Amino acid sequence: MLLGLLWILLPLIVGYLIPVRQAGIRQAIDQGVGASVYVILLLMGVSLGGLEDLLGQLSRIGATALVLFVVISPINLLALAWLSRRRLARRQPLVDSDEGGSAPAGKLQAMLGSLQLAGVVLLGVCLGAGAQTLGWHLAPLAETLATWALYALLFLIGCQLRNSGLGLRQILLNRLGLAIAVTVFVSSMLAGLIAAPLLQLPWNEGMALASGFGWYSLSGILIGDQLGPVLGGAAFFNDLARELLAFLLVPLFIRRTMPLAIGYAGATSMDVSLPVIQQYGGITCVPLAIVSGFLLSLLSPPLILLLLSF
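Residues numbered from 1 in each chain as written. Predicted model: local features only at pLDDT ≥ 70, side-chain atom pairs only at ≥ 80, totals over all residues. Heavy atoms only, no water.

Caption draft 1: Structural detail: the overall build of the protein chain. Along its length, the protein chain carries 14 helices and 0 strands. Along the protein chain, helices (α) and strands (β) appear in the sequence α-α-α-α-α-α-α-α-α-α-α-α-α-α when read from the amino end. For the protein chain, the proportion of its 310 residues judged to be buried stands at 53%. Long-range contacts, defined here as pairs at least 24 residues apart, represent 84% of the contacts in the protein chain between residues at least 6 apart. For the protein chain, the accessible surface area stands at approximately 14,400 Å², while carbon and sulfur atoms represent 69% of it. (Helix = DSSP H or I, 4+ residues; strand = E, 2+ residues; numbered from the N terminus. Buried < 20%, exposed > 50% of the residue type's maximum accessible area, 1.4 Å probe, protein only. Contact = heavy atoms within 4.5 Å. Areas by Shrake-Rupley, 256 points an atom, 1.4 Å probe, with all protein chains shown as cover.)

Dropping the structure here:
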């Protein structure tokens, strides 16, 4: 777990250590970040479309995943909306309109941007499913390429951080980032307790299902190993749906309720969702996303195992 987090943080740190003074190189870095967002989303869709018997899995676990999603997401969003109105959130600097890509100015443009992101994922799913039908197993290759693309992207974001005027103290010691992580954690545990009786599960299993915080690959594996493939699949699709919805919410809400947009991305705010947060929110949102995502990523694996040990 810690080694995986190190591999995520290392490209950011290396990129941060490299000063870039030429305006042309800075512009190329910004363009690279924007383009990489779509590449990673496309590869993620290919990986999803390549899952074996995807329709069969959906028919068995869809109801459980739907209950989890319907219970957890509104409670998370309400708690994060409350946080966004607190004095701590209001004191946080607003998103930077001059850094980090072309964030849409209007609500219609933001919606179109969200639909475009979702469309790229859908295109990837179609390509992955079509390749699977022809006997081409592209999912492993897509996952490998997406991993390396993500490392390269985090390196570029690290370069942006170095040349944005943000200090390491501002990046690593961020009170609002910590508050976002705590709010997501507490509201998710409450949602898990509410979902447990609806799914006819013990309280600890309901809370474990709510402890993925969007990290669908990890939650699906850990819960599936302990509770079987049905609940493991439900955890997977619940957290996957959370990640996909986060891609839609970030462009719409990042400029009005920044903690809500970043917090709902959960553990993915420090890696997969980070480019979207940076693109639409600006470079000043990156420290918040890194802090909250790091804490939730660090908490999720031991929390799931602890809850399932009761």
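Caption draft 2: Layout of the packing of aromatic side chains. According to the stated counting rule, one finds 3 aromatic pairs in the structure shown. Considering the side-chain rings of F236 and F237, the 5.0 Å spacing of their centres and the 90 degrees angle between planes classify their relative orientation as edge-to-face. (Phe/Tyr/Trp six-rings, centres within 6.5 Å; stacked < 30°, edge-to-face > 60°.)

Caption draft 3: Fine view of the environment of R60. Mapped onto the secondary structure, R60 falls in helix α3 (residues 54-84). Each C-alpha atom of the pair R60 and V230 lies 7.1 Å from the other, and the pair is 170 residues apart in sequence.

Caption draft 4: Quick look at helix α13 (residues 274-281). With 8 of its 8 residues buried, α13 lies for the most part within the structure. Residues of α13 that are buried include every one of L274, P275, V276, I277, Q278, Q279, Y280 and G281, and no others. At the C-terminal side of α13, G282 shows a positive phi close to 100 degrees.

Caption draft 5: Quick look at unusual backbone geometry. One non-glycine residue with positive phi stands out, namely Q200, at about 55 degrees. By the secondary structure assignment, Q200 is in the loop between α8 (175-198) and α9 (203-209). One non-glycine residue, F213, adopts positive backbone phi at about 55 degrees. Considering the arrangement of structural elements, one finds F213 in the loop between α9 and α10 (216-227). Look at F213 and you get buried, because its relative accessible area is 1%.

Caption draft 6: Summary view of the environment of I223. Examined against the element boundaries, I223 turns out to sit in helix α10. Residue class for I223 comes out buried when judged on its relative accessible area of 0%. Residues I223 and I304 lie 81 residues apart in sequence; the distance between their C-alpha atoms is 7.6 Å. Sequence-distant contacts of I223, that is, excluding residues within four places in its chain, are made with A208, L209, G228, L231, G232, A235, I304 and L308.

Caption draft 7: Spotlight on the confidence of the model for the protein chain. Taken residue by residue, the protein chain gives an average pLDDT of 81. The fraction at 70 or more is 82%. Within the model, pLDDT remains below 50 along residues 97-107, and this stretch shows 16 contacts once partners closer than five positions in the same chain are excluded. (pLDDT = per-residue confidence, 0-100.)

Caption draft 8: Representation of the packing of helix α2 (residues 23-49) against α13 in the model. Between α2 and α13, whose axes approach to 9 Å, the crossing angle comes to 135 degrees. The orientation of α2 relative to α13 falls into the category oblique. Pair α2 / α13 crosses with left-handed handedness. Across the interface between the two elements, V33, G34, V37 and Y38 from α2 touch P275, V276, Q278, Q279 and Y280 from α13. Split into classes, the residues belonging to the contact of α2 with α13 amount to 6 nonpolar, 3 polar and no charged. (Axes fitted to C-alpha atoms, helices over the stretch in contact; angles between N-to-C directions. Parallel < 35°, antiparallel > 145°, perpendicular 65-115°, else oblique. Left-handed = near helix turned anticlockwise from the far one by under 90°. Nonpolar A, V, L, I, M, F, W, Y, C, P; charged D, E, K, R; others polar.)

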